[in-house]
Amino acid sequence: MSTAAATAHAGHAHHDDRSFVQKYLFSTDHKIIGIQFLFLSLFFLLIGAILSLQIRWQLAFPGQPMPGGKLLPESMAAGGVLLPEYYLQLVTMHGTFMVFFAIMLLLVGVYANFLIPLKIGAHDMAFPRINMASFWSAVVAGLVMLSSLFVTDGSPRAGWTMYVPLSARHDYSGASLGQELWSISIIFFGLSSVLGSLNYITTVINNRAPGMTWFRMPLSVWALFITAILGLLAVPVLAGAAIMLLFEQILGTHFFDPSAGGQVLLWQHLFWFFGHPEVYILILPAMGMVSELVANGSRKPIFGYHSMVFAICGIAFLGWIVWGHHMFVSGMNPTLGSSFMVTTLLIAVPSAIKVFNWMGTMWRGNLRFHTPMLWGIGFVAMFTIGGLSGIFMAATPVDMYIHDTYFIVAHIHYVLVGGSLFAIFGGIVFWYPKMFGRMMNETAGKVHFWLTLILYNCVFFPMHIIGMAGHMRRIYDPTIYDFLKPVQHWNVFISISAFLLFGTQIIFFLNFWLSMFWGKKAALNPWEDNGLEWSLPSPAPHGNWDTPPTVYRGPYEFSVPGASEDYIPQNKKLPTDREPALAPAHGD
Amino acid sequence: MSGWLPAQASSFAPQIDGMFWAIMIITGITFVLVEIGIVWFSFAYRGRPGRQAHYTHGNGTAEIIWTAIPAVTMVILGLVSNGLWTQFKGRNSVPADAFPIEVHAKQFEWWVTYTGADGKFGRVTNDSISKTNPTGIDHSDPASNDDIVVRNQLHVPVGKPVVVYLSSEDVIHSFYVPEFRVRQDVVPGMQIKQWFVATVPGTYEIACSQLCGLGHYKMRAQVYVQTQADFDAWMQQQAEKAKGAPTS
């Protein structure tokens, strides 16, 4: 305690002469950048959610005027009834915003920035100015994407996967500038992501505190590190593909045009070569954070730490050789389909290892059901569903039937909402005191968790059922198909649940903003955790530590027999601890 | 629950559904065990004053068991799946006696061509495509004279292998008949074969299942599975209609 107080004192004594703009706007402080990413990505999460509500209205009540629909221009909703061209924009932009600007920024932008230096005992990122550039490129990308909603012929409408030739030819899609803005935005997004990834990798390799060996790193840092490698290698492929698409759109090139010798499937290979590692970019950091939350809440060391690390690496490696499973029915050589099926099925193995290890962590623990722990358990329970439903799609003959149906939509939302977003909510509650110096309200947090868990399942579980009935994705009006008539009532049920689920998020919204001003002041280590970040005052000062902390043990030393408390922080020196023999290189 | 899958109307359907339910059982058992475990652990190991958590970093045997069981299950699943996959989609899977039909997709309709009496499709070229010649038949090819072209309806004989040759004029579409459990993307610049045996006479729907533009949701056609006699009669009737029509 005395060391921490001394650090706090030193932090305040350190005279901060940066102007407001330097401190909060064009900041190079990784914590401020993390918080900037948080506000940005929560904004896009809200936009994506509002778009999804309109999709749900149309699917449940096709042809009926949407409440508030009259506020939309006639080119989107005629007399409040959504038009098919607007519907396609909704599905495209919902996917784009959620994948790129909400979930990916929340995980990689927010948590990599905020947590990596704090958890490894570094002063800041290796390249703080590049970090700032990464944030502002993301802002540009987001604004360009958002602006496409306001151009005259409307936003992109070829689906978030932008399959050519629909996305490349304006006469096919009916949108021109909107489609081009998508490509431009993704190029900026790629820039942002590469700058960020470079930084995270360099920081983890070079800036670890003395004693923070690779296998004493928290699993969240491991996951973010491996994710950054995936991002560095995968996102440039997407940006490259987006450049080709932009050339196709505005210069009339023929990369993807078969009538001039191009290849339609080339886009899908490029997109999914990025797109599948992307799926793991969107889940690995969540898995890392959940490991922190579940270990803390169980008051036990993580079960099978090394297996967890190897599972992260295994998922990341296999993630590179499974992209073809998005293309089983695309016309790709079916023999290639067989090999992609094998790798895809194998990826279930490290995923299973992770689930079992989280359960092993809870086993014989001393469980504390604080809000972050609830989200952590919720993640394990829901990710299991998302992981298991993936096996149906991996099996090629079954995929022939359920491909491009709501079964896939259910699967991705179990992974990205029940998985990633649950972990994000847990992470926000857990590190909120570190960010803002105050606690979020626990009661409101628990109500938010339970309502979200129930309504979320009401929204997404029935999607498996309508998917089994053959309900296609991205159709404006399901009621015109005879074979979908028996399941239309599920569409109504899903939509009403979705509206309620959205309403539930008001609890989170209020809790998030009100706690910033009126929340309980955070104790130094409110969750009694072992992470290095809790040895700093909250919020931590610019530069974090005056002298880097020394790490004496792994991150999950909970409930050690004979210890005075049920946690031992990584930097707490016990009489039996020796100074680390060799401090890792520490570049400043 | 089995009512959630549509009726089975092709020879693939029972096999695919069997695979579906087999996976449902495997994943269902896993799902139930994991969820029960989570609830049970949450209750049994809930924090209480004076309770001490069991300090352990893991167990090698447990790791090996829960790595090996999923791995073996997945390998078996892969082997079984691959057998079916090769049968449905393999490059050499189409039976030699399969009845050929060309299906040409364009925004937002399906054009279906039969060979007519000569058993041969006339040549088609992209340049020949026009309003009156939607599939682009090259009329200089004599084999095209008796070709029968119909819009948004696919007639197939029951119990006989049929192979559809799928081509697209503009964007990617997807040929999807839920009751057949058959789906194949239709890709511009490629001609892709998909075969099936319809088993139950009746009327079904073809739905486009790949986003293809504004009218995607209504890119719909009927499939008529007919007895051989009905099918032959329909074909005869079409042939006569085609004879009477002026050739363009």
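Residues numbered from 1 in each chain as written. Chains lettered and ligands numbered in written order. Predicted model: local features only at pLDDT ≥ 70, side-chain atom pairs only at ≥ 80, totals over all residues.

1. A short note on the overall build of chain A
Looking only at helices and strands, one finds 18 helices and 2 strands in chain A. Radius of gyration (C-alpha) of chain A: 24 Å, near the 25 Å computed for a compact globule of 588 residues. For chain A, the C-alpha atoms occupy an extent of roughly 75 × 50 × 50 Å along the three principal directions. Within chain A, the proportion of its 588 residues that are buried is 62%. For chain A, contacts bridging at least 24 residues in sequence account for 82% of all contacts bridging at least 6. (Helix = DSSP H or I, 4+ residues; strand = E, 2+ residues; numbered from the N terminus. Rg over C-alpha atoms; globule rule 2.2 N^0.38 Å. Buried ≥ 20, exposed ≤ 12 C-beta atoms within 10 Å, placed from the backbone. Contact = placed C-beta atoms within 7 Å.)

2. What to know about the overall build of chain B
Regarding its fold elements, chain B presents 3 helices and 10 strands. If you list the helices and strands of chain B from N to C, you get α-α-β-β-β-β-β-β-β-β-β-β-α. Taken over C-alpha atoms, the radius of gyration comes to 26 Å for chain B, far larger than the 18 Å a tight globule of 248 residues would show. In terms of principal-axis extent, the alpha carbons of chain B reach across some 95 × 35 × 30 Å. Buried positions account for 36% of the 248 residues belonging to chain B. Sequence separation of at least 24 residues holds for 66% of the intrachain contacts in chain B that already meet a minimum separation of 6.

3. A closer look at the sheet that holds strand β5 (residues 161-168) of chain B
All names here are of chain B. An order of β3-β2-β1-β5-β8 is seen for the 5 strands of this open sheet, with the pairing classed as mixed. Each of the sheet's edge strands pairs with one partner strand only, and the pair in question is β3 (148-151) and β8 (192-197). Within this sheet the neighbouring strands show an average axis-to-axis angle of 25°, counted without direction. Both strand β2 (residues 109-114) and β3 contribute to a ladder of 4 bridges, which runs antiparallel. In the sheet register, tyrosine 114 faces β3, and the bridge partner there is isoleucine 148. (Pairing = 2+ DSSP bridges. Axes fitted to C-alpha atoms, helices over the stretch in contact; angles between N-to-C directions.)

4. Things to note about helix α10 (residues 284-298) of chain A
Residue and element names in this part refer to chain A. Relative to the 21 Å expected for 15 residues at 1.5 Å per residue, α10 spans 21 Å between its end C-alpha atoms, a close match to the ideal helical length. Among the 15 residues that make up α10, 15 are buried, leaving the element largely enclosed by the rest of the structure. Following α10 by one or two positions, arginine 299 has its phi on the positive side, about 55°. (Expected span 1.5 Å × (residues − 1).)

5. What to know about the sheet that holds strand β4 (residues 153-157) of chain B
Residue and element names in this part refer to chain B. Spatial strand order, β4-β10-β9-β6-β7: 5 strands in an open sheet with mixed pairing. Only two strands of the sheet have a single partner each, and these edge strands are β4 and β7 (182-186). The mean angle between the axes of side-by-side strands here comes to 20°, regardless of whether they run parallel or antiparallel. Here strand β9 (residues 202-208) runs beside strand β10 (residues 220-226); their pairing, made up of 6 bridges, is antiparallel.

6. Some thoughts on helix α17 (residues 442-468) of chain A
An α-helical turn contains 3.6 residues, so any two residues separated by three or four positions project in the same direction. Residues and elements named next belong to chain A. A rise of 1.5 Å per residue sets the reference length of α17, with its 27 residues, at 39 Å; its end C-alpha atoms lie 39 Å apart and thus fit the reference within 8%. Along α17, the helix axis deviates most sharply at cysteine 458, where the bend reaches about 30°; the proline proline 462 sits within four residues downstream. Of the residues one or two after α17, glycine 470 is the one with positive phi, at around 100°. (Bend = angle between axes of the 7 residues up to and from the residue.)

7. What about the domain arrangement of chain B?
Residue and element names in this part refer to chain B. Assigned domains within chain B: domain 1 (2-89) and domain 2 (99-244). When each unit is reduced to the centre of its C-alpha atoms, the spacing between domain 1 and domain 2 is 40 Å. Taken together, the contact pairs 9 residues of domain 1 with 13 residues of domain 2. Grouping the amino acids of the side of domain 1 that touches domain 2 by side-chain chemistry returns 6 nonpolar, 3 polar and no charged. (Domains from an automatic or database assignment. Nonpolar A, V, L, I, M, F, W, Y, C, P; charged D, E, K, R; others polar.)

8. Description of the domain arrangement of chain A
Residues and elements named next belong to chain A. Each assigned domain of chain A is listed here: domain 1 (24-260 + 277-282) and domain 2 (293-539). The C-alpha-based centres of domain 1 and domain 2 are spaced at 19 Å. Each partner contributes to the interface: domain 1 provides 32 residues, whereas domain 2 provides 32 residues. Elements that contribute at least two residues to the side of domain 1 that touches domain 2 include exactly α3 (30-60), α4 (84-120), α8 (219-250) and α9 (264-281). Of the residues belonging to the side of domain 1 that touches domain 2, the class tally is 25 nonpolar, 4 polar and 3 charged.

9. So, unusual backbone geometry
Backbone torsion omega between valine 164 of chain A and proline 165 of chain A reads -5°, so that peptide bond is classified as cis. Relative to the helices and strands, proline 165 of chain A resides in the loop between α5 (128-147) and α6 (170-173). The residue glutamate 528 of chain A is not glycine, and still its phi comes out positive at about 50°. Here glutamate 528 of chain A is to be found in the segment after α18 (488-518). The backbone of asparagine 152 of chain B sits at a positive phi, close to 55°, despite the residue not being glycine. Mapped onto the elements, asparagine 152 of chain B comes out in the loop between β3 and β4.

10. Side note on the packing of α17 of chain A against α18 of chain A
Residue and element names in this part refer to chain A. Where α17 contacts α18, the axes come no closer than 9 Å and their chain directions differ by 160°. Classified by the interaxial angle, the pair formed by α17 and α18 is roughly antiparallel. Both α17 and α18 take part in a crossing whose hand is left-handed. Split into classes, the residues belonging to the contact of α17 with α18 amount to 19 nonpolar, 7 polar and no charged. (Parallel < 35°, antiparallel > 145°, perpendicular 65-115°, else oblique. Left-handed = near helix turned anticlockwise from the far one by under 90°.)

11. Considerations on the interface of chain B and chain A
Counting from both sides, the interface comprises 73 residues of chain B and, opposite them, 81 residues of chain A. Of all the secondary-structure elements, those providing two or more residues to the side of chain B that touches chain A are α1 (12-44), α2 (60-89), β7 and β9 of chain B. Of all the elements, α2 of chain B adds the most residues to the side of chain B that touches chain A, at 15 residues. Looking at the side of chain B that touches chain A residue by residue, the classes come out as 36 nonpolar, 24 polar and 13 charged.

12. Some points on the nonpolar core
When a protein is soluble and globular, its nonpolar side chains tend to lie buried together. In this structure, Ile103, Leu105, Leu224, Leu284 and Val290 of chain A are the most contacted members of the largest nonpolar core, which totals 255 residues. Element by element, the count of residues in this core is highest for α4 of chain A, at 26 residues. (Core = buried A, V, L, I, M, F, W, Y, C linked by C-beta atoms within 7 Å.)

13. Concerning the environment of phenylalanine 303 of chain A
Residue position: phenylalanine 303 of chain A is located in the loop between α10 and α11 (305-318). By C-beta crowding, phenylalanine 303 of chain A is classed as buried, having 27 other C-beta atoms within 10 Å. Not counting residues within four places of it along the chain, the set of residues in contact with phenylalanine 303 of chain A comprises Asn357, Gly360 and Thr361 of chain A together with Gly58 of chain B.

14. Topic: the pairing of β7 of chain B
Residue and element names in this part refer to chain B. With 5 of its 5 residues buried, β7 lies for the most part within the structure. Residues Val182, Gln184 and Val186 point to one face of β7 and Arg183 and Asp185 to the other, with burial holding for every one of them. Bridging between strand β6 (residues 173-177) and β7 involves 5 bridges; their strand directions are antiparallel. Counted as the bridge partner of serine 174 is aspartate 185 from β7. Between the antiparallel neighbours β6 and β7 lie 4 residues, among them arginine 181 with a positive phi of about 60°.

15. A look at the packing of α8 of chain A against α10 of chain A
Residue and element names in this part refer to chain A. One can describe the packing of α8 onto α10 by two numbers: an axis separation of 7 Å at closest approach and a directional angle of 175°. When the axis of α8 is compared with that of α10, the two are roughly antiparallel. On the side of α8, the interface is formed by Leu219, Ser220, Trp222, Ala223, Leu224, Ile226 and Thr227, while α10 contributes Leu284, Pro285, Met287, Gly288, Met289, Ser291 and Glu292.

16. Some details on the environment of histidine 306 of chain A
Residues and elements named next belong to chain A. Among the secondary structure elements, histidine 306 is positioned in helix α11. Taking the C-beta count within 10 Å as the criterion, histidine 306 has 13 such neighbours and is therefore assigned partly exposed. Counting along the chain gives 108 residues from histidine 306 to leucine 198, while the straight-line C-alpha distance between them is 25 Å.

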